[in-house]
Amino acid sequence: QVQLVESGGGLVQAGGSLRLSCAASGSIFSINAMRWYRQAPGKQRELVAAISSGGSTNYADSVKGRFTISRDNAKNTVYLQMNSLKPEDTAVYSCNAGVVVGYTRSEYTYWGQGTQVTVSS
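Residues numbered from 1 in each chain as written. Predicted model: local features only at pLDDT ≥ 70, side-chain atom pairs only at ≥ 80, totals over all residues. Heavy atoms only, no water.

Asker: Break down the overall build of the protein for me, citing the residues and quoting the values.
Answerer: Along the protein, the regular secondary structure elements total 0 helices and 11 strands. On C-alpha atoms alone, the protein measures out to a radius of gyration of 14 Å, which is about the 14 Å that the 2.2 N^0.38 rule sets for 121 residues. By its C-alpha atoms, the protein is 50 × 25 × 25 Å across when sized along the principal axes. When the 121 residues of the protein are sorted by exposure, 41% land in the buried category. Split by element, the accessible area of the protein, about 6300 Å² in all, is 45% carbon and sulfur. (Helix = DSSP H or I, 4+ residues; strand = E, 2+ residues; numbered from the N terminus. Rg over C-alpha atoms; globule rule 2.2 N^0.38 Å. Buried < 20%, exposed > 50% of the residue type's maximum accessible area, 1.4 Å probe, protein only. Areas by Shrake-Rupley, 256 points an atom, 1.4 Å probe, with all protein chains shown as cover.)

Asker: Can you tell me about the sheet that holds strand β3 (residues 18–26), naming the residues and giving the values?
Answerer: Spatially, 4 strands are ordered β1-β3-β8-β7 in an open sheet, and the strand pairing comes out antiparallel. The sheet is open, and its two edges are formed by β1 (2–7) and β7 (67–72), each paired on a single side. Averaged over neighbouring strand pairs, the angle between their axes works out to 15° when direction is ignored. Bridge count for β7 against strand β8 (residues 77–82) is 6 bridges, and the pairing is antiparallel. Residue Asp72 lies in a different strand from β8, and its bridge partner there is Thr77. (Pairing = 2+ DSSP bridges. Axes fitted to C-alpha atoms, helices over the stretch in contact; angles between N-to-C directions.)

Shape is all these values report; function is a separate question.
Written as structure tokens, this is what we have:
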């Protein structure tokens with residue numbers, strides 16, 4: 001069994017910063033891509049940022065230059081540094097990871113429970 005646990009969400013004023021963390025634990029052999037998604041009320045879930053096992057990254061156009069995704073493979077953790085936050089960044093942020101499970105060596109996708117980010121104007 002694998003769990004992803006997020007932390008770091010909260011309320012911040014426009015222009016401020018937050019850092020989200022997502023730690024994976026359990027029967028992990030290795031982790032491939034790790035991603036952050038967000039979903040605002042009444043909107044579809046969107047991919048915010050992704051990072052490969054080798055460190056290659058990509059971002060949604062709406063966050064380029066403001067958000068940075070990184071990972072610590074030794075800690076099985078992915079981070080999302082969010083700077084220059086805007087009210088339109090308000091959403092529930094969830095992490096997602098492709099985990100190669102230890103006992104089967106098969107890859108499965110796991111999700112965290114989500115963390116609320118609210119940016120006030």
